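Overview (structure and organization)
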Amino acid sequence: MTQPVLNWREDLKTFRERMGGLTEPKKALAKAQRDARKAIHEALKAGPLTIPEIAAKSNLPSNKVLWYIMAFRKYGQVAEAGQAGDYYRYEWKEASE
Amino acid sequence: MAKIKQRYDGLVVGAGIAGMQAALDLAGQGFDVLLVERQPSIGGVMVGLNKVFPTLDCSSCICTPRMAEVAHHDRITLLSYTELDSIQRDGDGFHVSLTKKPRYVVEEDCIGCGKCELACQPLAPHEFDYGLGARAAIYIPHGNAIPQLPVLDPDYCIFDGNCARVCPTNCIDFAQQPEPISVDAGVIILTTGLKTTPIDAKKEYGGGKWLNVMNPLAMERLQSSNGPFGHVLRPSDGKIPKSIAYVQCAGSRDKSIGVPYCSRVCCMYALKHGIMLKHELHDTEVTIYYMDIRAFGKGYEQFYRRALAEGVRCVKAKVARISEAENNDLVLRVELIDEGGRVADVRHDLVVLSLGLIPGWQPDGSVPVEMADDGFLRVRDLAIRSAHSSAEGIFVAGVASGPKDIPDAIVEAGAAAMEAAMYLDRTRGRQPEFAGAGAQA
């Protein structure tokens, strides 16, 4: 393997400029994602819940909650925890955030 | 990036199942092949499917060994994440211009550990799961991806450098730029694949508007063991659906959206979905609203009978419109043909539109081939020269020349590779050790 000689910190600055910087829509999206994560984490602190239950507690639309839950599940922060009627329950796996 | 030579015997454009098969068949005859794919991974549509009909074999179990074989073949050079810019005739051969898109990762040094993806915070809709799942801004396309390398999406990058900070081989390269590549090729095989008709093409069906109206390829992902939800769930709220409807010909045989032809696979994939859904969700009703069931291939009629026997309901009806009721349920207004045209409103939890197949790529003057009236690549004679495009030395296989199922695409890929080999023999000859007995005589 050839060892690359990359100065990524310098390159990142140029890359950021080249890509138009951290635009307002990007900032807004990042904030919305942080807020959603926090709200879902908060909702799940009391124990496993279904998607509609998380949506009701977090004030997020249920389709968005499903999308975030599946993202967190993919990256190992959320796990399936049984079933309640026609819905699966999900629990937060991380001890703290 | 793989070391690119100036000259190849053959160029194959598109690394779905047809492209991979064509590349393997051509390389197997001793020709050096450059296989170009615009996506970050090879495998095309097939690697994202759950099962294949009528055998119900695992799709990726068939596809991934071919992907690995392509990647490790001595005579195949693979260029993923690369766009075809133009093909120009040069005598009997061709001059090809390509652009390698930046992954922002040094391919030779990346070990595919995935640490960059885990460290990356922003989430984006995952293309492989048709937006149902999420991915990070830097991500390995999927578990079966070849090459198993990440790609950075600048549209979602927040420039925090976390990916580079955790990379154990220092291979995140923010300075990468699109890289033009020029090669010469003796013969071309176009296997540019398919897209589905846009889900909102028929406004009366509410695709893109109602959350529980789905694309059939998205349903394939939901049914897959490595799918985005781990189960078949409604996108609106994660409910296990109790009543699922398929609307056939929702993007084919319809002049109003410019797709007058039959897409040839929709009846069979709807039946396949029905069977698989009944296997996973025993008490869920699956109803297929159809105009005609076209089960024309080997074992297809038996497959249709099997679906009926397993409880899939097939109702001869035309769906006029779909509206949304409370709780994101859907109400289908249907004309029931076998009941004298009676009109009924039927409620379902989830609806899959059996969208039509349209070309994944169309010639725009950059490649000297002609398009047929249906938008697919024109072939010279469907009966006896089905792999010949309108241009000498350019061959075509798979859905690039018209809708077809996987077995037909594979057979056609083999034919295209054979035609390409014969063209090379006619124009250039080949190394004696690979020539057949007839050629040596």
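Definitions and cut-offs
Residues numbered from 1 in each chain as written. Chains lettered and ligands numbered in written order. Predicted model: local features only at pLDDT ≥ 70, side-chain atom pairs only at ≥ 80, totals over all residues. Heavy atoms only, no water. Helix = DSSP H or I, 4+ residues; strand = E, 2+ residues; numbered from the N terminus. Expected span 1.5 Å × (residues − 1). Buried < 20%, exposed > 50% of the residue type's maximum accessible area, 1.4 Å probe, protein only. Contact = heavy atoms within 4.5 Å. Salt bridge = Lys/Arg side-chain N within 4 Å of Asp/Glu carboxyl O. Phe/Tyr/Trp six-rings, centres within 6.5 Å; stacked < 30°, edge-to-face > 60°. Lys NZ or Arg CZ within 6 Å of the ring centre and 35° of its normal. Buried area = accessible area lost by both parts, 1.4 Å probe. Polar contact = N/O pair within 3.5 Å; in protein donor to acceptor, adjacent residues only side chain to side chain. Nonpolar A, V, L, I, M, F, W, Y, C, P; charged D, E, K, R; others polar. Pairing = 2+ DSSP bridges. Arc of directions from axis to C-beta. pLDDT = per-residue confidence, 0-100. Disulfide = S-S within 2.5 Å.

So, helix α4 (residues 62–74) of chain A
Between its first and last C-alpha, α4 of chain A extends 18 Å over 13 residues, near the 18 Å set by a 1.5 Å rise per residue. Where α4 of chain A is concerned, the buried positions are Ser62, Val65, Leu66, Trp67, Tyr68, Ile69, Met70, Ala71 and Phe72 of chain A. Those residues of α4 of chain A that are buried are in contact with α2 (24–43), α3 (51–58), β1 (78–84) and β2 (87–92) of chain A together with β8 (123–125) and β9 (134–136) of chain B. Note on α4 of chain A: the residue one or two positions beyond its end, Gly76 of chain A, has a positive phi of about 85 degrees.

Things to note about the pattern of salt bridges
Evaluated as defined, the whole model comprises 36 salt bridges over all chains. The salt bridge involving Asp86 of chain A is made with Lys242 of chain B; its shortest N-O contact spans 3.6 Å. Of the two residues, Asp86 of chain A is situated in the loop between β1 and β2 and Lys242 of chain B in the loop between α5 (216–223) and β15 (243–247); the pairing between them involves two chains. We classify Lys242 of chain B as partly exposed; its relative accessible area is 27%. Here Asp153 of chain B ties to Arg135 of chain B by a salt bridge, and the two come within 2.7 Å at their closest N and O atoms. Separated by 18 residues along the polypeptide, Asp153 of chain B in the loop between β11 (151–152) and α4 (162–166) and Arg135 of chain B in strand β9 bring together distant segments of the chain. Ionic contacts of the salt-bridge type, sharing partners, join the residues Arg234, Asp237, Glu326, Asp329 and Arg347 of chain B into one network.

Points about the packing of aromatic side chains
Under the defined criterion, the tally for this structure stands at 10 aromatic pairs over all chains. Put simply, the rings of Phe15 of chain A together with Tyr104, Phe159 and Phe174 of chain B pair up and form one aromatic cluster. Its end group placed over the ring of Tyr8 of chain B, Lys5 of chain B keeps NZ or CZ at 5.2 Å from the ring centre. Sitting over the face of the ring of Tyr205 of chain B, Lys202 of chain B holds its NZ or CZ atom 5.8 Å from the ring centroid.

Brief notes about the environment of Val106 of chain B
Mapping Val106 of chain B onto the fold places it in the loop between β7 (93–100) and α3 (115–119). For the pair Val106 of chain B and Asp153 of chain B, spaced 47 residues apart in sequence, the C-alpha to C-alpha distance is 15 Å. Ignoring any residue separated from it by four or fewer positions in sequence, one finds Val106 of chain B in contact with Leu6 of chain A together with Cys171, Asp173 and Gln176 of chain B.

Description of the interface of chain A and chain B
Across the contact, 38 residues belong to chain A and 52 residues belong to chain B. Across the interface of chain A and chain B, roughly 3,700 Å² is buried in total on both sides, 61% from carbon and sulfur atoms. Looking at the side of chain A facing chain B, the largest losses of area belong to Trp8, Trp67 and Tyr75 of chain A, adding up to 18% of the total buried there. On the surface where chain A and chain B come into contact, there are one salt bridge. Our count for the contact surface shared by chain A and chain B stands at 17 residue pairs in polar contact (both at pLDDT 80 or more). When residues of the side of chain A that touches chain B are traced back to their parent elements, those giving at least two are α1 (8–18), α2, α3, α4, β1 and β2 of chain A. Among the elements that make up the side of chain A that touches chain B, the one with the highest residue count is α4 of chain A (10 residues). Of the residues assigned to the side of chain A that touches chain B, the class counts are 22 nonpolar, seven polar and nine charged.

As for the pairing of strand β19 (residues 342–348) of chain B
All names here are of chain B. Relative to β19, strand β18 (residues 330–336) runs antiparallel, the two sharing seven bridges. Opposite Val334, over in β19, you have Ala344 as the bridge partner. The turn joining β18 and β19, which pair antiparallel and follow one another in sequence, is formed by five residues; a positive phi near 70 degrees is taken by Gly340.

Things to note about α3 of chain A
Residue and element names in this part refer to chain A. Residues of α3 that are buried include every one of Ile51, Ile54, Ala55 and Ser58, and no others. The arc that holds the buried residues of α3, viewed along the axis, is 100 degrees, so those residues lie on one side. Every exposed residue of α3 that faces more than 90 degrees away from the buried side is listed here: Ala56 and Lys57. Of the surrounding elements, those touching the buried residues of α3 are α2, α4 and β2. At the exit of α3 stands Asn59, carrying a positive phi of roughly 60 degrees.

A few points about the confidence of the model for chain B
All names here are of chain B. Mean pLDDT over chain B stands at 95; residues scoring 70 or higher make up 97%. Considering only residues more than four positions removed or in separate chains, one finds that residues 437–441, a stretch of pLDDT under 50, has two contacts. In the predicted complex, the global pTM is 0.95; the interface-specific ipTM is 0.93.

Details of the state of the cysteines
Put plainly, a disulfide is one covalent bond tying together the sulfur atoms of two cysteines. All names here are of chain B. Within the structure shown, the criterion is met by one disulfide over all chains. The thiol of Cys116 is unpaired, and the distance to the nearest cysteine sulfur, on Cys113, comes to 6.2 Å. What makes Cys116 buried here is its relative accessible area of 7%.

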